[in-house]
Structures are given as C-alpha cells and as structure tokens.
Amino acid sequence: MADRLTQLQDAVNSLADQFCNAIGVLQQCAPPASFNNIQTTINKDQPSNPTEEYAQLFAALIARTAKDVDVLIDSLPSEESTAALQAASLRQLEEENHEAAARLEEVVNRGDMLLEKIQSALADIAQSQLRTRSGAPSQPPVLDS
C-alpha cells in the first residue's frame, strides 16, 4: 500500500508542477494589458507566442495527471476493507498458491520421470553403438601381390 501512496504523492506533486508551469508560461506569453495613464511599448519584431497551443498542451497534461490521480485514489483500499476481509483474501490467495505449488510439483515429477527414461534410452543407444563397433571383426586389408 505504501507504493500506491508514494505513486499518489508523486502524481499530486506532478499535478502541482504542471499547474505552476502552466501559469508561468501563460503569464509569460500573455499579451500586455493597457492601464490608464501608462504607456507601454510592444516590440513589433517579437514573434507572436502560441498561447492557444500552450493552453491546450497544459490542459491535456493536467487532465491526464488528474485522471492518474483518480485511478490511484480508486486503487487504494476502501474503509469498508476490514482486517477480516483482508485476512479472508489472504487465505484464499494462500489456498490458490498451495494448489499451484501442488500442480507444479506434479509437473516437475513427471518431467523427472521423462528425463530418466530419456537418459536410459540414450544410455542403451550408446551401449548398442559401442557393441556394434567392438563386435565387428576388423580385417586387415588384403594386399594384391
């Protein structure tokens, strides 16, 4: 559970970072506002900033991170999850684990028996080959005179 809480805290921190970055970029790109009795000069050579693109980008990032936060919150155990329910769930998992271990042990035993049969068959083949090689009389080559 601590892992989910850590993920949740990281997601909330990321969401806060995205909000701060969005506000900073939008303030940086915002057109200047005119105030009474104050003249401001706008640099006409400066290219126009794509504020709409930034707004869409940050909106998408914030929405995705908010969905991640919701998913993480939903994955946390509820208040209805009591110790008795958790213990029952653990017992069920242990039973499934024991059943899987028994099946695995059976498969391993069958594999060991097959391995013994294969090794025995290979040993028989090797012995047969040795007997045929040693049992065949080797005759010296006949020289023509």
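The structure under discussion appears in the preceding block.
Since the model is a prediction, treat every value here as computed from it, not as a measurement. (Residues numbered from 1 in each chain as written. Predicted model: local features only at pLDDT ≥ 70, side-chain atom pairs only at ≥ 80, totals over all residues. Heavy atoms only, no water.)

S.K.: How do you make sense of the overall build of the protein chain when you look at a structure like this?
M.R.: When helices and strands are tallied, the protein chain shows 3 helices and 0 strands. Reading the protein chain from its N end, one meets helices and strands in the order α-α-α. Per-residue burial over the protein chain gives 8% buried out of 145 residues. Sequence separation of at least 24 residues holds for 86% of the intrachain contacts in the protein chain that already meet a minimum separation of 6. (Helix = DSSP H or I, 4+ residues; strand = E, 2+ residues; numbered from the N terminus. Buried < 20%, exposed > 50% of the residue type's maximum accessible area, 1.4 Å probe, protein only. Contact = heavy atoms within 4.5 Å.)

S.K.: Could you clarify how one ought to interpret a negative patch on the surface in this entry?
M.R.: Where like charges cluster on the molecular surface, the negative patch consists of Glu94, Glu95, Glu96 and Glu99. Structurally, glutamate 96 can be placed in helix α3 (residues 83-135). (Patch = residues over 30% accessible without salt bridge, like charges linked within 9 Å, V, L, I, M, F, W, Y side chains within 5 Å. Areas by Shrake-Rupley, 256 points an atom, 1.4 Å probe, with all protein chains shown as cover. Salt bridge = Lys/Arg side-chain N within 4 Å of Asp/Glu carboxyl O. Lys, Arg positive; Asp, Glu negative; His and termini not counted. Charge placed at Lys NZ, Arg CZ, Asp CG, Glu CD.)

S.K.: Even after reading the chapter, I still don't get the side chain of threonine 65, so can you show me in this structure?
M.R.: Mapped onto the elements of the fold, threonine 65 is located in helix α2 (residues 51-75). Given a relative accessible area of 7%, threonine 65 falls into the buried group.

S.K.: Just checking my understanding: could you explain the side chain of glutamine 18 for this structure?
M.R.: Within the secondary structure, glutamine 18 is located in helix α1 (residues 2-29). Glutamine 18 sits in the buried class, given a relative accessible area of 12%. Within the local environment of glutamine 18, its side chain forms a polar contact with the side chain of threonine 65, the two groups lying 2.9 Å apart. For glutamine 18, the contacting residues outside a window of four places in its chain are Phe58, Leu61, Ile62 and Thr65. (Polar contact = N/O pair within 3.5 Å; in protein donor to acceptor, adjacent residues only side chain to side chain.)

S.K.: Is there a simple way to explain the pattern of salt bridges in this structure?
M.R.: Here the idea is simple: oppositely charged side chains can pair when their charged atoms come close. Overall, the coordinates contain 1 salt bridge when judged by the stated rule. A salt bridge links arginine 110 to glutamate 106, with the nearest nitrogen and oxygen atoms 4.0 Å apart. Of the two residues, arginine 110 and glutamate 106 are both situated in helix α3; the distance of 4 residues between them amounts to about one turn of the helix.

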